[in-house]
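# An overview of the molecular structure
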Amino acid sequence: MSDRFIFLSLALMGAVFLVDLSLPLGVAAAVPYTFAVLLALRSPNKWFAPALAALCWILTIAKMGIVPERGSTEMWKVIANRCLALFAIGMTAFLGIRRKQAEAKRQAAEHKLREHLTDLTRVSRMTLAGQFASGLAHELNQPLAALCLQAEIAEGMAANSELQSILREVAEQGQRAAEIVRGIRRLVHLDPPEALDFKLAEVVQSVVRLVDAHARRSRVEIRLELGELPEMRGDRIQLEQVIFNLLQNAIEAIESVNSLERIVTVSARVAGAFVVVSVCDTGPGFGSDENRLFEQFFTTKPKGMGLGLAISRAIVESHGGRMIGEPAAAAGATVTFSLPIAGE
Ligand code: ADP
């Protein structure tokens with residue numbers, strides 16, 4: 001593919017040179033070199049386009065020496081003509097290279113954004129899996145404890161019979177299972193947050209960039225009302241996850257209705273020793289589910305897991321804040337959380 005553009009641009013440059021040689025100096029035959037430069041810019045080799053532009057310059061000037069025939073055209077016009085061709089070739093190469101550089105920068109930024117989204121999704125999935133295992137371990141703990149207790153009581157009642165050793169084995173295996181379950185719970189509990197200084201506005205903006213494509217697909221406008229905010233301290237990735245969950249929920253809520261007003265507003269303000277962040281949407285609101293939002297595994301979505309809000313609240317609380325869900329002032333839903341200000 002790259003060879004094709006190198007070959008085509010060189011062929012075009014040769015053709016322009018031959019035409020230029022066959023015409024008198026008065027004709028602006030060097031201007032079409034710009035098309036050869038445009039073709040050369042398509043080559044992935046970043047040195048090829050400037051090299052070809054330089055070659056076109058040399059040929060434009062060389063023609064004056066090789067075939068100096070200028071017909072009735074005055075010399076000053078010939079020189080002006082050649083200078084214009086040199087300018088056109090130079091500008092085409094310069095602007096083309098600048099455009100390629102901007103495009104490469106944009107692609108690098110997009111790549112970085114995609115990687116970030118993958119990281120966040122991975123962290124989200126891992127936390128979800130951890131919460132799931134933790135919930136399962138919690139559920140299994142009680143029946144296992146009851147099973148061990150019953151086996152021990154039965155063992156006492158079956159004194160000196162063969163049944164006693166079987167029941168002792170049951171009790172021991174039950175204890176082992178309970179130990180394994182306790183181990184899982186210890187393992188998957190939320191890691192303590194890694195406390196670093198960060199700017200909340202930057203965190204919100206980076207998450208907004210991540211959900212922007214989803215929002216645009218669903219015709220949802222995201223508005224930010226972030227005034228002057230103090231420096232915060234906490235685990236930036238975990239807090240990104242919180243805002244990510246809230247924004248996803250808000251966009252999905254608006255998706256579920258056909259309303260004309262499709263707006264998610266993220267606002268933040270200082271209230272005493274805390275910063276209070278609200279994510280407000282124009283979706284259908286929580287309805288009668290308001291009291292169950294933060295329950296693990298509570299979901300009203302066909303493919304939901306019902307863990308997003310539970311995890312978000314756990315993260316906020318592990319940072320010393322609180323999270324609540326309430327109806328929005330006009331219509332829709334608002335989830336609000338607070339975080340203590342660093343050093344307060
Ligand atoms: P999931 O998104 O997997 O359902 P979540 O914990 O994020 O789990 O949310 C639990 C439930 O809370 C959702 O299924 C939905 O019914 C409700 N909910 C969350 N956010 C909103 C919102 N912005 N508007 C309306 N309902 C919401």
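Small disclaimer: the values here were computed from a predicted structure and weren't measured.

## Considerations on the domain arrangement of the protein
By a widely used convention, the size of an interface equals the accessible area lost when the partners come together. Splitting the protein by domain gives domain 1 (2-112), domain 2 (122-186) and domain 3 (195-340). Here the C-alpha centre of domain 3 lies 38 Å away from the C-alpha centre of domain 2. A combined buried area of about 720 Å² lies between domain 2 and domain 3, and 70% of that area is made up of carbon and sulfur atoms. Counting every contact that joins domain 2 to domain 3 gives zero salt bridges. For the pair domain 2 and domain 3, the interface holds zero residue pairs in polar contact (both at pLDDT 80 or more). Within the side of domain 2 that touches domain 3, the residues separate by chemical class into three nonpolar, four polar and no charged.

## Digging into the site of the ligand
Around the ligand, a shell composed of 18 residues is seen, among which Asn249, Thr299, Thr300, Lys301 and Leu309 lie nearest. Contacts to the ligand include Thr300, whose side-chain N or O atom sits 2.4 Å from an oxygen atom. Here the ligand has 540 Å² of accessible area as a free molecule, and 91% of this is covered by the chains. Of all the secondary structure elements, the ones that give two or more residues to the shell around the ligand are helix H7 (236-255) and helix H8 (308-318).

## Notes on the pattern of salt bridges
Any two side chains of opposite charge can pair, on the condition that their charged atoms come close. Under the counting rule described, the total for this entry stands at 13 salt bridges. Across the pair Glu240 and Arg236 runs a salt bridge whose closest N-O atoms are separated by 3.4 Å. Taken as a pair, Glu240 and Arg236 lie in helix H7 at a separation of four residues, close to a single helical turn. The buried category is assigned to Glu240, whose relative accessible area is 1%. Note on Arg236: relative accessible area 30%, which makes it partly exposed.

Rules and cut-offs
- Residues numbered from 1 in each chain as written.
- Predicted model: local features only at pLDDT ≥ 70, side-chain atom pairs only at ≥ 80, totals over all residues.
- Heavy atoms only, no water.
- Domains from an automatic or database assignment.
- Buried area = accessible area lost by both parts, 1.4 Å probe.
- Salt bridge = Lys/Arg side-chain N within 4 Å of Asp/Glu carboxyl O.
- Polar contact = N/O pair within 3.5 Å; in protein donor to acceptor, adjacent residues only side chain to side chain.
- Nonpolar A, V, L, I, M, F, W, Y, C, P; charged D, E, K, R; others polar.
- Near = heavy atom within 4 Å.
- Areas by Shrake-Rupley, 256 points an atom, 1.4 Å probe, with all protein chains shown as cover.
- Helix = DSSP H or I, 4+ residues; strand = E, 2+ residues; numbered from the N terminus.
- Buried < 20%, exposed > 50% of the residue type's maximum accessible area, 1.4 Å probe, protein only.

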